[in-house]
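# Geometric and topological summary
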Amino acid sequence: FYFESIKNANKFGNATSFVENNGSNNNINQSIRNKVKLDTISGEWITDISLNFASANTDQWYQSQSNSIIKGEGNNKKNKLSFIAQSDVKKKWQGVQFETGLKTSLLTFDNKAQFNRTLLGVTSFDNLRSSAYNYHEVINAAYIQVSKTWNKVILKMGNRWEQTIMKGEQLSPKDTSFNVNRID
């Protein structure tokens, strides 16, 4: 529970504001890693997986008084989910180092803030404090690389592929949605 009282006086008159916030936050984070030795020289296979979820929910009440009284109340909810999985294999064969791997990541984020304000006894939707949007992102990647060493000279060749998918939806106060799907 949080309560804040702010008082301000200036040459234009006196203004008094009160703000009260009541919120909760949650966060869950889990990860796992597996490492397998493929041989006794340099071969290995490493896999990492992680998941994170965070949420926040806050109620707010406020009142400001100068020449008139403005009251308001609302709620702000946020959720964020992220998932990452990656797997890499390294193996040396006949003096040549081979490496390959895959990675995918997912991120979703949503926010919804809804506020009302009361001025001169009339309650209306507060467009300045209210908003809502959703964001989704997926990135997939793969690579392959080979390298060979001769004394102090190292030759490396490889290729990387990456796909990025992004979708944003601004639901309020106005639509500014976008979509991106590209391969690099």
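Okay, so let's go over this structure.

About the cut-offs
The numbers attached to residues start from 1 for each chain and follow its sequence in the written order. With pLDDT at 70 or above as the cut-off, local features in this predicted model cover only qualifying residues; side-chain atom pairs require 80 or more to be listed or tallied, and sums for whole chains, interfaces and linings still use all residues. Side-chain measures here rest on the full set of heavy atoms in the structure, leaving out hydrogens and waters. Put simply, DSSP marks the helices as runs of H or I at least four residues long and the strands as runs of E at least two long, and each gets a number from the N terminus on. The quantity called the radius of gyration is restricted to C-alpha atoms. Its globule counterpart is 2.2 Å times the number of residues to the power 0.38. Burial classes: relative accessible area under 20% of the type maximum marks a residue as buried, over 50% as exposed, and values in between as partly exposed (1.4 Å probe, protein chains only). In this analysis, two residues are considered to be in contact whenever any of their non-hydrogen atoms come within 4.5 Å of each other. Only the protein chains shown count as covering a residue, and every accessible area follows the Shrake-Rupley method with a 1.4 Å probe. Charge assignment: positive for Lys and Arg, negative for Asp and Glu; neither His nor the chain ends contribute. Here the site of a charge means atom NZ of a Lys, CZ of an Arg, CG of an Asp or CD of a Glu. Each pair of aromatic rings taken from Phe, Tyr and Trp, with Trp reduced to its six-membered ring, is defined by centres within 6.5 Å and is described as stacked if the planes are under 30 degrees apart, edge-to-face if over 60, and tilted in the remaining cases. Charge over a ring is defined by NZ of Lys or CZ of Arg lying within 6 Å of the ring centre and within 35 degrees of the ring normal. Basic side-chain nitrogens of Lys or Arg form a salt bridge, by our definition, when they fall within 4 Å of a carboxyl oxygen of Asp or Glu.

In terms of helices and strands, the protein carries zero helices and nine strands. Along the chain direction, N to C, the helices and strands of the protein fall in the order β-β-β-β-β-β-β-β-β. By the compact-globule yardstick of 16 Å for 184 residues, the protein is too spread out, its C-alpha radius of gyration being 27 Å. Considered along the principal axes of its C-alpha atoms, the protein spans approximately 85 × 35 × 30 Å. The proportion of buried residues among the 184 residues of the protein is 21%. Taking the contacts inside the protein whose residues are at least 6 apart along the sequence as the reference set, 55% of them involve residues at least 24 apart. Working note: accessible area of the protein is about 13200 Å², and carbon and sulfur atoms make up 54% of it. Between the averaged position of the 23 positive side-chain charges in the protein and that of its 16 negative side-chain charges there is a distance of 6 Å.

Here the structure, examined in full by the defined rule, presents three aromatic pairs. When the centroid spacing of 6.3 Å and the interplanar angle of 40° are considered together, the rings of Y135 and F178 count as tilted. Of the two residues, Y135 is situated in strand β7 (residues 131-150) and F178 in strand β9 (residues 178-183); the sequence distance between them amounts to 43 residues. Over the ring of Y62 we find R129, and its NZ or CZ is 3.9 Å from the ring centre. The lysine or arginine in question, R129, covers the ring of F115, its NZ or CZ lying 6.0 Å from the ring centre.

Another aspect to go through is the pattern of salt bridges. Taken as a whole and assessed by the stated rule, the structure comprises seven salt bridges. Where R129 meets D126, a salt bridge forms, and the shortest distance between an N and an O atom there is 3.9 Å. Exposure remark for R129: the relative accessible area of 37% places this residue in the partly exposed category. Looking at D126, the relative accessible area reads 6%, which means it is buried. The shortest N-O distance in the salt bridge between R160 and E162 comes to 2.8 Å.

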